[in-house]
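Examination of the molecular architecture
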Amino acid sequence: MRSIRSKSKLMTPRPSDKSSKVQAAEITYDQDGGALVTVVLLAGIMTLVLGTMSALALQNVHSLRLERDQMRALTIAEAGLNQAFGNLASDPSLASGSSAIAQDNSFADGSFVVTSVSHADDVYLLTSVGQFRERESTVRATVSVVVAPDESEEEESTSAPLPGPFGPLGLFAGGNLTMSGGIQVNIADLSAHANGSLNLTGGAGFHGANLSTHGNVVMSGNPQIHLDSGNGRMHADGSVTLMGNIQAAEITSSTSITGNWGVNTPALHTAPSVTYPAWFSPLPPSVQNDVDQVAPMPLPELDIQAYLDYATANTYFYDGDQNLTRSWITADTLARTGVNVNNNEVLVQPAGGILFVNGNVTVSQDIHVDGVIVATGDITLGGGSSLSNPTEFPALISTQGNIVMGGGATGPTIDGWVYAMNGNVSVGGGASGLTGIIAAHNLNISAGFTLGSITGQGGFTSPGGGGSGGNDSAGGGGQSGAGEVRLMSWLR
């Protein structure tokens with residue numbers, strides 16, 4: 001009996017045990033429910049965060065696209081302003097007219113229009129509005145436009161021009177010739193030639209008689225090439241890679257011509273090999289035939305000693321680097337005349353017309369040089385400086401260095417050579433107004449530069465009467481263009 005009672009007692013659950021089990025079950029139930037609620041809340045928060053991030057990403061993409069389109073519109077507006085400079089140099093009367101000075105409704109997939117408002121005597125405010133897709137940008141410039149004097153009754157130059165393979169040259173590179181960005185180069189009825197490669201990139205605009213090279217023609221982007229009103233010739237001894245719009249009668253190569261989807265030209269293609277993609281239509285006219293090469297041209301020789309002797313005789317020879325500033329003019333004037341001009345003078349006007357420096361020359365800030373600069377080192381025009389050439393000599397000569405024009409520099413405003421005999425010439429950065437012939441080992445014309453119309457085909461004379469090109473007859477340095485355009489301010 002004891003044993004039975006004892007077993008019964010062990011099998012009977014205690015109230016406290018049951019209560020403990022119920023509580024445990026309830027506690028377990030509460031923890032599972034709380035976890036589910038937490039998961040739901042976290043999922044909602046993550047969905048909200050991801051949705052917000054997605055919306056921000058889409059907004060950023062849209063903003064970046066608008067910013068990119070705005071920059072394209074600005075570039076197109078600046079290209080329009082550059083084209084307006086060239087148009088004004090050819091026809092100054094456009095500045096006072098009621099119609100647009102420059103306009104293109106299909107430039108680099110956008111458009112621009114440039115208008116003019118008279119600001120003062122011979123000073124005009126040009127406004128260029130560029131548009132790309134839905135974005136619009138405006139660039140303004142103040143320019144001085146002066147009609148060149150009529151020289152029809154004056155004696156013409158008897159010195160020889162720089163000859164090229166297909167006519168007198170306005171641009172000549174003993175090495176490579178590069179034109180890039182939103183430039184406008186107008187050398188009228190003169191041609192351009194390079195012994196190395198000819199590179200035309202971006203929205204480069206070129207107006208001239210012919211383009212030729214002893215090397216290759218490399219084109220990219222959307223260059224705009226106009227040769228002799230559609231009657232000119234582009235030639236390379238090497239290969240030709242075509243892009244952009246080319247208005248010419250002939251494109252020839254002694255090696256090969258390759259076209260692509262961006263080509264627009266009616267020119268006859270002549271080369272041993274002419275290739276276009278199979279889908280290109282309509283194909284331009286072409287003839288597969290051998291084409292004669294052109295001979296490499298040497299850079300012309302100059303009697304530098306004659307320039308040195310001439311400048312020395314007129315006491316404008318300087319030994320060592322020269323930075324032409326107001327302070328430089330003050331010190332030079334004081335040394336020559338004993339007069340203190342207190343840094344107010346900005347004109348450098350060398351006696352005899354030639355300033356010769358054995359070293360580097362920098363023309364800075366608002367300095368204007370009325371004369372020729374010859375240097376053994378580098379010549380740099382920048383910071384709103386300007387230069388005019390009243391002589392029949394070349395405008396700028398570097399015998400061993402480079403010549404750089406940029407940063408708002410203007411001029412030379414009268415025809416005259418810019419010649420780096422053993423170096424490079426680089427022009428860009430808002431420089432404009434150059435109306436002379438450029439020759440150098442390598443020639444680089446980059447964005448923001450405007451090369452004015454060159455209508456004079458004459459060469460130049462050297463001190464002592466020797467003309468360029470081996471002609472010893474005395475004479476002037478060529479005729480001036482239809483007008484002079486000087487950049488006074490550039491406002492974005």
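Report on the accompanying structure. Small disclaimer: the values here were computed from a predicted structure and weren't measured.

Notes on unusual backbone geometry
With the exception of glycine, the majority of residues adopt a negative phi angle, and the majority of peptide bonds are in the trans configuration. That bond from S281 to P282 is cis: its omega, -5 degrees, falls within 30 degrees of zero. Residue placement: P282 occurs in the loop between strand 21 (274-275) and strand 22 (286-288). The phi angle at S229 is positive, at roughly 55 degrees, despite the residue not being glycine. The residue S229 is located in the loop between strand 13 (224-227) and strand 14 (233-236) in this model. Non-glycine residue N343 carries a positive phi angle of around 60 degrees. As for its position among the elements, N343 is in the loop between helix 4 (326-337) and strand 25 (347-348).

Here's the deal with the pattern of salt bridges
This structure, assessed with the given rule, holds 5 salt bridges. When the shortest N-O distance is used, the salt bridge between R68 and D69 registers 3.4 Å. Residue D69 is classed as buried on the basis of its relative accessible area of 1%. For R326, the salt bridge goes to D366, with nearest N and O atoms at 2.5 Å. Here R326 is found in helix 4, whereas its partner D366 is found in the loop between strand 27 (361-363) and strand 28 (368-370), with 40 residues between them in sequence. On the basis of relative accessible area, R326 is assigned to the partly exposed category, the value being 29%.

Description of the nonpolar core
Counting 82 residues, the largest nonpolar core has M179, F206, L211, M234 and L242 as the members making the most contacts within it. Dropping the residues within four chain positions of it, L211 is found in contact with M179, A192, L198, L200, F206, I225, L227, R233, M234 and H235. Grouped together as the second largest cluster of nonpolar side chains are 24 residues, L74, A84, A89 and A102 included.

A few points about the environment of D122
Looking at where D122 falls in the secondary structure, it is placed in the loop between strand 2 (110-120) and strand 3 (123-132). For D122, a relative accessible area of 42% gives the class partly exposed. Between the C-alpha atoms of D122 and A95, which are 27 residues apart in sequence, the distance is 9.0 Å. When sequence neighbours within four positions are dropped, the list of residues in contact with D122 reads V143, S144 and V145.

Conventions we followed
- Residues numbered from 1 in each chain as written.
- Predicted model: local features only at pLDDT ≥ 70, side-chain atom pairs only at ≥ 80, totals over all residues.
- Heavy atoms only, no water.
- Helix = DSSP H or I, 4+ residues; strand = E, 2+ residues; numbered from the N terminus.
- Salt bridge = Lys/Arg side-chain N within 4 Å of Asp/Glu carboxyl O.
- Buried < 20%, exposed > 50% of the residue type's maximum accessible area, 1.4 Å probe, protein only.
- Core = buried A, V, L, I, M, F, W, Y, C linked by side-chain atoms within 4.5 Å.
- Contact = heavy atoms within 4.5 Å.

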